[in-house]
Structures are given as C-alpha cells and as structure tokens.
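Chain and residue survey
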Amino acid sequence: NQHNTAVKYCINLKRIINVAVLQGTIAKSPFTSYKTVYKDTVQVYLSEEEVLTIENVILEKSKHLLTRDLFLFQCSTGLAYTDMINMTHEDISVDSLGRKWIVKARQKSGITSTIPLLQKAIELIEKHNPENRKIGRLFPHYSIQKYNEYIAEIGNLAGLHKRLSSHVGRRSFGNIALARGISLNVISKILGHSNTLITQRIYAITTQNIIT
C-alpha cells in the first residue's frame with residue numbers, strides 16, 4: 001500500500017481498538033502514541049480544454065469509445081466509477097421545471113448526492129440506454145482495472161501528459177466546477193464528501209489559483 005492508504009487503514013484499526021478499550025476487552029490501546037498523518041499528494045485533474053481534447057480525439061476501438069463515454073459522464077457528474085456503473089433510471093428525478101437530477105446514495109460514504117444532469121450527461125445516457133428502454137443499468141461497463149487501463153490509453157492517444165484514471169474524471173468535474181465559480185460547499189455535496197475539508201484538501205491548489 002501507498003503511505004496514505006496505509007494511514008487510512010491504521011485510522012480504522014485505531015477506532016476498533018478504542019472501542020475495545022471502552023468495552024473493557026483490553027486495558028490500553030497500543031496505538032495511543034502512534035500518529036497517523038496523511039502526506040500531501042499531487043492531485044491529477046483535467047481542465048475544460050483537456051476534457052474537450054478527450055472528447056474530440058479520433059478513436060477506433062470499441063473499448064475506447066465506451067470508456068471515453070464513461071469518462072466524460074464522470075467529468076459531467078463527479079460520480080465515482082462504482083456509483084456510475086450501478087445507476088438505473090430510478091436514480092434520475094425530474095423537478096417541476098423539467099430539469100433532471102441524479103439523486104443517489106454514494107456507495108462509499110452512504111451520503112445522498114443530488115447532482116444536476118448537464119446536457120452532455122443526458123446525451124450519454126440516451127446514447128447507451130434510451131429512455132424508452134428503462135431496463136437494467138444505464139451503462140455497459142468494464143471492470144475498474146480495465147477501465148483505468150483503457151482511459152490511460154485514451155489519454156496517450158489524445159497527447160495528454162497526464163495519466164488518466166477513474167479518479168481523474170471525478171476530480172476533473174470538481175476542477176471545472178470551481179473554475180466556473182461554483183462554491184466549494186456545493187461541489188462537496190455533489191461529490192458526496194462527508195465535509196468540505198475533504199474537498200478543500202483535494203482541490204487546494206486549484207482554489208489557490210482561482211483566488212490569485
């Protein structure tokens with residue numbers, strides 16, 4: 001595991017040990033003096049222009065064509081890959097003004113996100129699962145490993161000097177939303193973060209650039 005992943009597991013373990021101490025199962029936590037500190041990491045995300053580059057690059061293989069559509073949907077919604085591939089028409093609501101929204105509990109956090117469906121996202125849904133079908137999941141898909149492999153290949157074909165992955169699509173949504181002036185609080189809720197501090201930590205560089 002990388003450092004931050006190991007830290008995350010240690011934090012969860014410390015919580016379990018603390019419960020054991022409270023219940024009297026053990027007398028003292030052996031982790032009391034152990035500090036779990038995340039390291040700052042470089043967050044990779046795309047600008048709106050780079051997303052357009054992905055959208056316009058000429059692709060021939062069917063695996064790349066589907067993967068690009070899934071990636072563009074992530075860039076338009078901020079959904080994690082698991083949440084995206086498990087979506088059905090039941091996750092889409094229409095308000096009194098006819099606007100479409102994704103209303104879905106995130107698998108990782110359990111937090112319900114309300115996400116406005118942009119025109120690009122609606123077009124991608126209609127392309128892969130027309131509204132008159134309304135059966136099963138909205139998108140065909142690959143395993144997360146294959147998806148990350150294929151989207152990295154697409155990034156190379158598009159001439160982008162960044163390694164693309166599922167997380168990059170999700171972060172790119174936040175980056176573009178910030179650049180368009182959407183508040184960090186709104187972006188945090190759309191991304192399903194438990195608090196804005198998480199969003200701030202991920203997009204710290206971008207926010208500083210916007211402020212300056």
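See the structure shown above.
What counts, and at which threshold
Throughout, a residue's number is its position along its own chain's written sequence, starting from 1. In keeping with the predicted nature of the model, local features appear solely for residues at pLDDT of at least 70, side-chain atom pairs appear and are counted solely at 80 or more, and the whole-chain, interface and lining totals rest on all residues. Side-chain metrics in this entry use all non-hydrogen atoms of the structure; hydrogen atoms and water are not considered. Side-chain rings of Phe, Tyr and Trp (the six-membered ring for Trp) are treated as a pair once their centres are within 6.5 Å; stacked means planes under 30 degrees apart, edge-to-face means over 60, and tilted covers the remaining angles. For every residue, the accessible area obtained with a 1.4 Å probe (protein chains only) is divided by the maximum for its type, and the residue is called buried under 20%, exposed over 50%, and partly exposed between those limits. Only DSSP runs of H or I reaching four residues or more are called helices, and only runs of E reaching two or more are called strands; each is numbered from the N terminus. In this text, buried Ala, Val, Leu, Ile, Met, Phe, Trp, Tyr and Cys residues form a nonpolar core when linked through side-chain atoms within 4.5 Å. The criterion used for residue contact is that any of the two residues' heavy atoms lie within 4.5 Å. When DSSP finds two or more bridges between two strands, those strands count as paired. What counts as an axis is a line fitted to C-alpha atoms, over the stretch in contact for a helix, and the angles between N-to-C directions run from 0 to 180 degrees. Just to be clear on terms, a salt bridge is a Lys or Arg side-chain nitrogen sitting within 4 Å of an Asp or Glu carboxyl oxygen.

1. Focus on the packing of aromatic side chains
Applying the stated criterion to the full structure yields four aromatic pairs. Ring centres of F31 and Y34 lie 6.5 Å apart, and the angle between their planes is 65°; on these two criteria the pair is classed as edge-to-face. For F31, a relative accessible area of 24% corresponds to the partly exposed category. Judged by centre distance (4.8 Å) and plane angle (65°), the rings of F73 and F139 are edge-to-face. With F73 in helix α3 (residues 62–77) and F139 in the loop between α5 (119–128) and α6 (144–157), the pair connects residues that are 66 residues apart, well separated along the chain. For the residue pair F73 and F139, the accessibility class agrees, reading buried in each case.

2. Remarks on the nonpolar core
Of all hydrophobic cores here, the largest spans 34 residues; its most connected members are L46, I54, F71, F73, M84, L117 and F139. Within the residue set of this core, elements represented by two or more residues are α2 (48–56), α3, α4 (81–85), α5, α6 and α7 (166–179). The dominant element in this core, judged by the number of residues it contributes, is α3, at six residues.

3. Brief notes about the environment of I102
Mapped onto the elements of the fold, I102 is located in strand β2 (residues 100–105). Once the C-alpha coordinates of I102 and T112 are considered, the two residues, 10 residues apart in sequence, prove to be 9.8 Å apart.

4. Description of the environment of V21
In this structure, V21 sits in helix α1 (residues 3–22). For V21, a relative accessible area of 29% puts it in the partly exposed group. Setting aside residues no more than four positions away along its own chain, V21 makes contact with I26, A27, K28 and S29.

5. Points about the sheet that holds strand β3 (residues 112–116)
Reading across the sheet, the three strands line up as β1-β2-β3 and stay open at both edges, with antiparallel pairing between neighbours. With one partner strand each, in any of the chains shown, β1 (92–94) and β3 form the two edges of the open sheet. Strand-to-strand twist in this sheet, taken as the mean axis angle between neighbours without regard to direction, amounts to 30°. Looking at chain direction, β1 and β2 are connected through three bridges and run antiparallel. The residue of β2 that forms the bridge with V94 is K100.

6. Here we look at the pattern of salt bridges
Throughout the structure, instances matching the rule amount to six salt bridges. K127 is the partner of D69 in a salt bridge, and the nearest nitrogen-oxygen pair spans 2.8 Å. Pair noted here: D69 is in helix α3 and K127 is in helix α5, with a separation of 58 residues, a long-range link. By relative accessible area, which is 55% here, K127 ends up exposed.

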